[in-house]
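Notes for the structure review
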Amino acid sequence: MINTQAALNLKIEMLTLATREEIDKWIAKYPADQKQSAVMAALRIVQDQNGGWLNTQLMDAIAAYLEMPPIAVYEVATFYSMYELEPIGRHKISICTNISCMLCGSEEVVAHFEKRLGIKLGETTADGKITLREVECLGACVGAPMMQIGNEYIENLTPETIDQLLAGLE
Amino acid sequence: MSTTTDKVAAEDQIKNDIVSFEIDGQTVTAEKGSMLIRAADAAGIVIPRFCYHKNLTVAANCRMCLVEVEKAPKPLPACATPVAEGMKVFTQSEVAKRAQKGVMEFLLINHPLDCPICDQGGECTLQDLAVGYGGDNSRYQEAKRVVVDKDIGPLIATEMTRCIHCTRCVRFGQEVAGIMEMGATGRGEHTKIGTYIEKSIDSELSGNIIDLCPVGALTSKPFRYSARPWELIKCDSISPHDNVGANITVHTRDNKVMRVIARENNEVNETWISDRDRFSYEANNHGDRLTMPMIKVDNEWQETDWNSALEFTLRGLSKVIEQHGIDNIGALAAPHCATEEFYLLQKLLRALGTGNVDHRTGQLDFSDDELMPDFPGLGQSLQSLEESKSILLIGSNIRKDQPLIGLRLRKAQQNGASLMVINPVNYDFTRQPELQTIGTPQQMLESLAGLVKALADETGKSLPGDAIKLLAKVTPGDTEQAMAKILSKQSPATILLGNYAFSNSHSSQFRALAQLVANFSGAKIGFMAQANSAGAWLAGCVPHRGTNNSATDKTGSTAHDMIKEPLKAYIMLGLEPALDCIDAGRARLAMESAEFITMLTPFKPGAGELALDCASVMLPMATFFETAGTHINCEGKMQTYRSTVTPQGESRPAWKILRVLGNYFELEGFDYNSIDDVRKEMNIVISNNSQSDNVLKQVKMPKKLGGKIFNLYRLAELPIYRTDIIVRRASALQLTHDNPGARARVNSDQAAKLNIKQDDLIRVRMLEGDAQINVEIDESIPDACIWVPAGYNETSALGACGQASVSKL
């Protein structure tokens, strides 16, 4: 005997109205009884709402909103590497180190980033500004070596373009 | 077309659905499209497996069941390979063996080799299969994966480093229990099975994942580190805690019950049992077992021998008979007792000259006793419940009251059945009802009356004369009309009357109206009585009928009348009146005013318990683990069980105690040498295991629907782990989420009206007495109601239903 609906509503309130509206657009793409199909989009939207990462409360809120068991949301969130489950820097820089980028010099790219920022792959700068991530192929081999920052791809990286980029970051 | 050609066509069809193929040179037949492993199991050919389980979906993720199939380019998993005509399968070939050994090598990479300290050792599938398929040393030199454990509650111990990711536990939660609490988080090598967050597993069926886990990742917390499987003696038994009669295997060592596991019986419990069936054994080893007869002399309890205790009982009862007459003696039995015990209790009382004998401690209204069928039954088989297309629950929390019936109904829902409820509490069902009325018993009755009327309109059948008058002013609402449509259109339909339909003061009206609903809609009606109530009815442990529904010369008082108009002496069989009786307040008052109470009980009453003050003699009685008996379940299935351990101390099986009491009273016919003699004499004949027999013999309408309307109504319920004297002492179960504690629940609107808040200490006052308890805000409780559980000492002064008032302390 749990306060099912009331408790669920309370959880859902963790999501802003704008977030819920955005998720609704995705829910609308699937049959009415398969709301949970929108879970990946919902996780991404909520991650954006929360400054780039997800906590358990937010995942529970998504579970309540999509009427699915919380553990099923955790399963998805922990499976995909683009969901962050711990606080990260304001800018997430994901550097591809897969074959094409590697052949085109991704090792130097990584080394340059690490030198400039004073952190290793997977770490966040002390001021909480930048997090470095190593990722697998992002499907942009034509512009290798490449990286992703936010929703943007930056290709044909050189130490100069990297310096320019870093200088432009707030 | 002639019928002969039809027949031939049908036979061809069947022939086409059956395929014939070979496994290891042996010709096997199986249904087309069924999985290879099933056919192999049926033919007795062993294929190793971890993730496959016949009652779960196929995951095919452990790969242990790889076999060679002719013309297939690589080994195929037997659990996910459909059989085909002419297929040639090799389970022992070089290819198959090599594949299986390869899988085993990978499984052992991360699995710790710590069998000597693992609780699963000796009954571990991985350990067993490693003997056949594992290497004698490992080629893997690197570090092994380690998983940090989370506490998932008082019943299940975890050691997830040992997990081999078969996902049986995950699938059980998702598919069978209906609450997904376990999951696979992370990916690849970092996949972990668990709850992800620290949280308890709250399913009432959670213990089944202990049986399902093929390794030592999930083990029984209460049993942990207490015995090795090879030291245990395995005895088959029956769980008496509900009206399903789940088949269990009791494991004992040195005459002590060590644990209980599920025993397969597809007709009854498939491969599952509820946590109540599994963990109630802890009570058997409880420190408060009564091991010596005890009598109260000069207000002091003293231990004594059986002779003195029985003589004391004889003297005490004889004195009451002399002074107040035989009709001032009554006997109450707990509903979970064995049929033989019920039989001898009623025989004893009737031989003494009174019919005051009953077991229906959860019932208040007995006005339709004469109309009841031979026993309150399900009216169909448990298996056929799954075929229901519409289900109406009336006053039932089926998931907690009869967890295994809850499973069958869930399956019916999965097959497309509509669930409808008329309940006093908005219970959490794993699949929510399509239609529901939640309200006080009065509102439930009105809804049921509306449903009767809506059904009469829907089906064009005419209401009986007394119903026309009663229902003249009733107008069915939208919900009732929708329910009527579903019940009459979606056949087969099932109606189940649950605990609440019995435990209110107008339960005969519930039964009568429900019977009308069944008559109009063609639904099968089921009376969900407590525990072994069917056995009690058939044994004659009811005041108005003898054994096998024979007529009695003298109708006695019902369970509720016996406490409402207190008697001078009581015999209590396995019963704690103030905890078992739903009308605890009256039971308490009756106990307090009685002159001589004989308790047959396995347990010493704890400090502050009523029996300590009120009883005169306590005779130590064996639990169901320690005695042979018969359980008759709701479908009329008679299942006998044997004792699994000998009774503790001086305690004796209740049938022996009752037999000797008969001898002390010098009554005839109490000379049984064994329980078989008792069984032979009672010779139970089961007639109403069919739909047509399990009905009220006549539908009689009351003059008025329901009764008084109160501004605050007390809802009483025995929570799942407070239902009998044994379960209440099962310590691990008491620590679970399903033990709500003695707290009053109201919804937030009602709380505001009463001016009380969460956790406030309040006094709940009723006519019978009052209780001081804390408040829990619970939106599942309807307006104008306060839900206070029975089965707790703290609430045992309250009446079962009726007006309550609340004051803040």
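Residues numbered from 1 in each chain as written. Chains lettered and ligands numbered in written order. Predicted model: local features only at pLDDT ≥ 70, side-chain atom pairs only at ≥ 80, totals over all residues. Heavy atoms only, no water.

Our next topic: the overall build of chain A. The secondary structure content of chain A amounts to eight helices and four strands. Helices and strands appear in chain A in the N-to-C order α-α-α-α-α-β-α-α-β-β-β-α. Projecting the C-alpha coordinates of chain A onto the three principal axes gives extents of approximately 60 × 35 × 25 Å. Counting all 170 residues of chain A, 42% fall into the buried class. Relative to all contacts within chain A whose residues are 6 or more apart in sequence, the contacts with residues 24 or more apart total 60%. For chain A, the accessible surface area stands at approximately 9200 Å², while carbon and sulfur atoms represent 53% of it. Side chains of chain A carry 13 positive and 23 negative charges; the gap between the two charge centres is 4 Å. (Helix = DSSP H or I, 4+ residues; strand = E, 2+ residues; numbered from the N terminus. Buried < 20%, exposed > 50% of the residue type's maximum accessible area, 1.4 Å probe, protein only. Contact = heavy atoms within 4.5 Å. Areas by Shrake-Rupley, 256 points an atom, 1.4 Å probe, with all protein chains shown as cover. Lys, Arg positive; Asp, Glu negative; His and termini not counted. Charge placed at Lys NZ, Arg CZ, Asp CG, Glu CD.)

This brings us to the sheet that holds strand E5 (residues 88-90) of chain B. All names here are of chain B. With mixed pairing, the five strands of this open sheet are ordered in space as E2-E1-E5-E3-E4. Two strands lie at the open edges of the sheet, namely strand E2 (26-31) and strand E4 (76-77), each paired on one side alone. Where strand E1 (residues 18-23) lies against E2, six bridges are found, and the strand directions are antiparallel. Pairing of Val19 across the sheet is with Ala30, part of E2. Here helix H3 (residues 94-110) sits on the sheet in contact with strand E3 (66-69) and E5, set at roughly 160° to E3. (Pairing = 2+ DSSP bridges. Axes fitted to C-alpha atoms, helices over the stretch in contact; angles between N-to-C directions.)

For the rest of this paragraph, the subject is a nonpolar patch on the surface. Residue and element names in this part refer to chain A. Among the surface-exposed residues, Ile99, Met102 and Leu103 lie close enough to one another that they form a single nonpolar patch of about 320 Å² accessible area. Here Leu103 is to be found in helix H6 (residues 99-103). Residue Leu103 is classed as exposed on the basis of its relative accessible area of 65%. (Patch = residues over 30% accessible without salt bridge, like charges linked within 9 Å, V, L, I, M, F, W, Y side chains within 5 Å. Salt bridge = Lys/Arg side-chain N within 4 Å of Asp/Glu carboxyl O.)

This part is about the interface of chain A and chain B. With 16 residues of chain A in contact, the opposing surface of chain B contributes 24 residues. In this assembly, chain A packs against chain B so that about 1600 Å² is buried in total across both faces, 63% of it on carbon and sulfur atoms. Taken together, the connections running from chain A to chain B amount to zero salt bridges. If you look at where chain A meets chain B, you find three residue pairs in polar contact (both at pLDDT 80 or more). (Buried area = accessible area lost by both parts, 1.4 Å probe. Polar contact = N/O pair within 3.5 Å; in protein donor to acceptor, adjacent residues only side chain to side chain.)

All names here are of chain A. As summarised here, the arrangement of the four strands in space is E2-E1-E3-E4, forming an open sheet in which the pairing is mixed. Of all the strands in the sheet, the pair left with one neighbour each is strand E2 (130-135) and strand E4 (152-154). Adjacent strand axes in the sheet meet at a mean angle of 25°, parallel and antiparallel pairs treated alike. Across six bridges, strand E1 (residues 91-96) lies against E2 in parallel orientation. Looking at the pairing, Ser94 lines up with Arg133 of E2. The sheet strands contacting helix H7 (residues 106-117) are E1, E2 and strand E3 (147-149), and the helix crosses E1 at an angle near 150°.

By the assigned domains, chain A splits into domain 1 (4-79) and domain 2 (91-168). Its C-alpha centre places domain 1 of chain A at a distance of 30 Å from the equivalent point of domain 2 of chain A. (Domains from an automatic or database assignment.)

So, on to helix H3 (residues 39-49) of chain A. For H3(A), the full list of buried residues reads A:Val39, A:Ala41, A:Ala42, A:Leu43, A:Ile45, A:Val46 and A:Gln47. Phi turns positive one or two residues past the end of H3(A), at A:Gly51, with a value near 70°.

A word on the state of the cysteines. Per the stated rule, a full pass over the model turns up zero disulfides over all chains. As a non-bridged cysteine, A:Cys141 has A:Cys137 as the owner of its nearest cysteine sulfur, 3.9 Å distant. Take A:Cys141: its relative accessible area is 38%, and that puts it in the partly exposed class. There is no disulfide at B:Cys65, and the cysteine sulfur nearest it, in B:Cys79, is 3.8 Å away. (Disulfide = S-S within 2.5 Å.)

Turning our eyes to something else, we now look at the packing of aromatic side chains. Tallied over the full model, the rule gives nine aromatic pairs over all chains. Taken together, a centroid distance of 4.7 Å and an interplanar angle of 40° make the contact between A:Tyr74 and B:Tyr196 tilted. Note that A:Tyr74 is positioned in helix H5 (residues 70-79) and B:Tyr196 in the loop between strand E8 (192-194) and helix H6 (208-212), a pairing that runs across two chains. Classification of B:Tyr196 as partly exposed rests on a relative accessible area of 25%. Among the aromatic residues, those joined into a cluster by ring pairs are A:Phe79, A:Tyr80 and A:Tyr83. Above the plane of the ring of B:Phe223 lies B:Arg259, whose end atom (NZ or CZ) is 4.4 Å from the centre. Over the face of the ring belonging to B:Phe670 we find B:Lys347, whose NZ or CZ atom lies 5.0 Å from the ring centre. (Phe/Tyr/Trp six-rings, centres within 6.5 Å; stacked < 30°, edge-to-face > 60°. Lys NZ or Arg CZ within 6 Å of the ring centre and 35° of its normal.)

What follows deals with the pattern of salt bridges. Residues and elements named next belong to chain B. If you walk through the whole model with that rule in mind, you get 50 salt bridges over all chains. One salt bridge in this structure joins Glu576 and Arg729, with 2.9 Å as the shortest N-O distance. One end of the pair, Glu576, is in the loop between strand E22 (569-573) and helix H19 (577-580); the other, Arg729, is in the loop between strand E27 (713-717) and helix H24 (731-734), and 153 residues separate them in sequence. Each of the two residues, Glu576 as well as Arg729, counts as buried. For the salt bridge of Arg588 with Glu592, the shortest nitrogen-to-oxygen distance reads 3.8 Å. Placement of both Arg588 and Glu592 in helix H20 (residues 584-593) is noted, with a separation of four residues, approximately one turn of the helix. It is possible to trace a salt-bridge network through shared partners that takes in Glu576, Asp580, Glu609, Arg728 and Arg729.

Looking now at helix H8 (residues 306-324) of chain B. All names here are of chain B. The terminal C-alpha atoms of H8, which comprises 19 residues, lie 26 Å apart, in line with the 27 Å expected from a rise of 1.5 Å per residue. Here H8 has its buried residues at Trp306, Ala309, Leu310, Phe312, Thr313, Leu314, Gly316, Leu317 and Val320. Packed against the buried residues of H8 are strand E13 (294-297), strand E15 (329-333), E22, strand E23 (596-601), strand E24 (617-620) and helix H22 (654-664). The N-cap residue of H8 is Asp305: its side-chain oxygen and the backbone nitrogen of Asn307 are 3.2 Å apart. (Expected span 1.5 Å × (residues − 1).)

For the rest of this paragraph, the subject is the packing of helix H5 (residues 168-177) of chain B against helix H11 (residues 403-414) of chain B. Residue and element names in this part refer to chain B. Closest axis-to-axis distance for the H5/H11 pair is 10 Å, and the angle between their directions is 80°. Relative to H11, the element H5 lies roughly perpendicular. Here Gln174, Glu175, Val176 and Ala177 of H5 lie close against H11, whose contacting residues are Leu407, Arg410 and Gln414. Among the residues forming the contact of H5 with H11, the class breakdown is three nonpolar, two polar and two charged. (Parallel < 35°, antiparallel > 145°, perpendicular 65-115°, else oblique. Nonpolar A, V, L, I, M, F, W, Y, C, P; charged D, E, K, R; others polar.)

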